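This is what each chain is made of:
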Amino acid sequence: MPARTHPRPHPAHPGSVDIRLPWWALALPALGFVALLTLILNPSDAHAASGDPAVTQLLERVQQLLAR
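Residues numbered from 1 in each chain as written. Predicted model: local features only at pLDDT ≥ 70, side-chain atom pairs only at ≥ 80, totals over all residues. Heavy atoms only, no water.

Looking only at helices and strands, one finds 2 helices and 0 strands in the chain. For the chain, the proportion of its 68 residues judged to be buried stands at 0%. With the model as given, the accessible surface of the chain reaches about 7200 Å², and the carbon-plus-sulfur share is 66%. (Helix = DSSP H or I, 4+ residues; strand = E, 2+ residues; numbered from the N terminus. Buried < 20%, exposed > 50% of the residue type's maximum accessible area, 1.4 Å probe, protein only. Areas by Shrake-Rupley, 256 points an atom, 1.4 Å probe, with all protein chains shown as cover.)

Right, here's the structure in full:
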């Protein structure tokens, strides 16, 4: 039994490309760009993450042991 194929809703013109993107495919990159742009324009809002002192001490100790 052959499978039936569904016809295209709109016939494509030769040489044309029909690409449809969901709304979020354009909205999310634009939102990320705006967020990064605001951080560049106002760098006082961007704070560096402070490291955990225990992790920092551990890494310094490992570095000292490897330097021997």
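Next comes the rest of the account.
So, on to a nonpolar patch on the surface. Judged by side-chain polarity, Val 17, Ile 19, Leu 21 and Leu 26 come together as a nonpolar surface patch covering roughly 480 Å² of accessible area. Its place among the elements puts Ile 19 in the segment before α1 (23–41). By relative accessible area, Ile 19 is classed as exposed at 66%. (Patch = residues over 30% accessible without salt bridge, like charges linked within 9 Å, V, L, I, M, F, W, Y side chains within 5 Å. Salt bridge = Lys/Arg side-chain N within 4 Å of Asp/Glu carboxyl O.)

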